[in-house]
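As a plain string of letters, each chain reads:
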Amino acid sequence: MRNTRSRRQQILQLLIEQGTVQVSELVDRFDVSAVTIRTDLGQIEIQGLATRTHGGATLVRMPPLEQDIHEKDALNLSLKESIGRRAALQVHAGDNIIIDSGSTTMTLARHLHGHRDVTVMTNGLNIAWELANAPGVNVLLTGGLLRKQSLSLQGNQAESSLTSYSFDTLFLGVDGLDLQFGLTTHDESEARLNHRMVERARRIVVLTDASKFGRVSLHRIARLDQIQAIITDPGIDDATREGLQQQGIEVIIAEPPPP
């Protein structure tokens with residue numbers, strides 16, 4: 001599975017660089033069968049990033065570029081603060097929760113300082129640091145390899161650290177949310193860890209500003225039918241809101257505070 005993901009990421013990179021790819025060239029490059037390559041191209045097409053052509057595929061949409069955590073922190077800050085404030089209302093005394101790494105989930109951590117008797121596991125170094133002086137919050141770190149671009153811990157150690165736990169709620173950040181393809185992120189290892197988090201929590205709440213709707217990054221975290229709620233800003237369009245609600249997902253709008 002890991003080889004498959006890596007190959008598909010390389011194929012997408014070739015599509016971005018060249019605009020088109022040919023099945024025969026990819027067969028030689030990766031030393032796999034034509035059937036395997038066609039399956040890869042079909043998966044990229046399902047994501048809405050390419051369209052199949054006779055003997056190959058053509059790029060139709062660029063995946064969003066990844067920004068590091070410092071760049072993300074400066075984007076849509078007031079919207080993210082409102083989302084974090086609203087998400088904190090979902091956390092109660094005695095809760096055991098996971099907070100995924102990310103700039104939006106970071107705002108949730110900031111609004112937990114007044115909470116009591118809450119246990120938080122996180123793979124985000126910035127989130128752990130934010131909660132280090134929150135007296136009523138116990139903090140667990142996943143461990144693992146540090147991905148400096150996102151200040152997140154990942155890899156086998158991070159994934160295995162979740163095995164012995166069961167959590168009430170996962171607060172999950174995403175790079176893309178598409179009504180058909182689901183929740184996605186840029187990095188393969190982060191997607192795997194996020195998938196493990198989804199498996200270990202009874203309730204999944206996605207925190208995202210409306211700019212992420214309709215985006216598809218390369219690596220899928222989960223299907224939409226695996227989540228229970230989304231907290232977002234008033235910029236969500238009617239079609240996306242209705243599409244989410246039709247799938248049984250609670251859509252919570254984080255209204256900005258009055259001036």
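Check the entry above for the structure.
Since the model is a prediction, treat every value here as computed from it, not as a measurement. (Residues numbered from 1 in each chain as written. Predicted model: local features only at pLDDT ≥ 70, side-chain atom pairs only at ≥ 80, totals over all residues. Heavy atoms only, no water.)

(A) The sheet that holds strand S11 (residues 182-185), seen in detail. Read from one edge to the other, the open sheet built from three strands follows the order S10-S11-S13, with strand pairing classed as antiparallel. Pairing within the sheet leaves two strands with one partner each, and these edge strands are strand S10 (176-178) and strand S13 (219-222). Mean inter-strand twist for the sheet, computed between neighbouring axes without regard to direction, equals 35°. Note: S11 against S13, three bridges, orientation antiparallel. Each bridged residue has a counterpart across the sheet, and for Leu183 the counterpart in S13 is Ala222. Sheet strands in contact with helix H9 (residues 188-200) are S11 and S13, and its direction is about 10° off that of S13. (Pairing = 2+ DSSP bridges. Helix = DSSP H or I, 4+ residues; strand = E, 2+ residues; numbered from the N terminus. Axes fitted to C-alpha atoms, helices over the stretch in contact; angles between N-to-C directions. Contact = heavy atoms within 4.5 Å.)

(B) Here's a closer look at the packing of helix H5 (residues 77-88) against helix H6 (residues 103-110). For the pair H5 and H6, interaxial distance at closest approach is 7 Å and the crossing angle is 50°. As summarised for this structure, H5 and H6 are arranged oblique, according to the angle between their axes. Relative to H6, H5 is oriented so that their crossing is right-handed. Contacts between H5 and H6 involve Leu77, Lys80, Glu81, Ile83, Gly84, Ala87 and Ala88 from the first element and Ser103, Thr104, Thr107, Leu108 and Arg110 from the second. Counted by class, the contact of H5 with H6 contains five nonpolar, four polar and three charged residues. (Parallel < 35°, antiparallel > 145°, perpendicular 65-115°, else oblique. Left-handed = near helix turned anticlockwise from the far one by under 90°. Nonpolar A, V, L, I, M, F, W, Y, C, P; charged D, E, K, R; others polar.)

(C) Quick look at the sheet that holds strand S3 (residues 56-59). With antiparallel pairing, the three strands of this open sheet are ordered in space as S1-S3-S2. Edge positions in the sheet fall to strand S1 (20-22) and strand S2 (50-53), since each of these pairs with one other strand and no more. Going across the sheet, the axis of each strand differs from the next one's by a mean of 20°, ignoring polarity. Against the sheet, helix H2 (residues 23-30) makes contact with S1 and S3, and its axis sits at roughly 70° relative to S1, the strand it touches most. Running at roughly 140° to S2, helix H3 (residues 34-46) makes contact with S1, S2 and S3 of the sheet.

(D) Representation of a nonpolar patch on the surface in the model. Together, Leu125, Leu141 and Leu146 give the surface a local cluster of nonpolar side chains, amounting to about 220 Å² of exposed area. In this fold, Leu141 is placed in strand S6 (residues 137-141). Among the residues examined, Leu141 registers a relative accessible area of 44% and is labelled partly exposed. (Patch = residues over 30% accessible without salt bridge, like charges linked within 9 Å, V, L, I, M, F, W, Y side chains within 5 Å. Areas by Shrake-Rupley, 256 points an atom, 1.4 Å probe, with all protein chains shown as cover. Salt bridge = Lys/Arg side-chain N within 4 Å of Asp/Glu carboxyl O. Buried < 20%, exposed > 50% of the residue type's maximum accessible area, 1.4 Å probe, protein only.)

(E) Region of the structure containing H2. Every buried residue belonging to H2 is among Val23, Leu26 and Phe30, and all of these are buried. One side of H2 holds all its buried residues, which, seen down the axis, span an arc of 65°. Note on H2: the residue one or two positions beyond its end, Asp31, has a positive phi of about 55°. (Arc of directions from axis to C-beta.)

(F) Local environment of the side chain of Ser103. Position of Ser103 among the secondary structure elements: in helix H6. Its relative accessible area of 9% is what places Ser103 among the buried residues.

(G) Focus on the packing of aromatic side chains. The full count for this structure, using the stated rule, is one aromatic pair. Against the face of Phe181 rests Arg220, its NZ or CZ located 4.5 Å from the ring centre. (Phe/Tyr/Trp six-rings, centres within 6.5 Å; stacked < 30°, edge-to-face > 60°. Lys NZ or Arg CZ within 6 Å of the ring centre and 35° of its normal.)

(H) Representation of the environment of Arg196 within the structure. The residue Arg196 is located in helix H9 in this model. Considered as a pair, Arg196 and Thr36 are 160 residues apart in the sequence and their alpha carbons are 26 Å apart. Leaving out residues up to four positions away in the same chain, Arg196 has contacts with Glu159 and Leu162.

(I) Region of interest: H5. Its 12 residues give H5 an end-to-end C-alpha distance of 16 Å, which sits within 8% of 16 Å, the value for a rise of 1.5 Å per residue. Those residues of H5 lying buried are Lys80, Glu81, Ser82, Ile83, Gly84, Ala87 and Ala88. (Expected span 1.5 Å × (residues − 1).)

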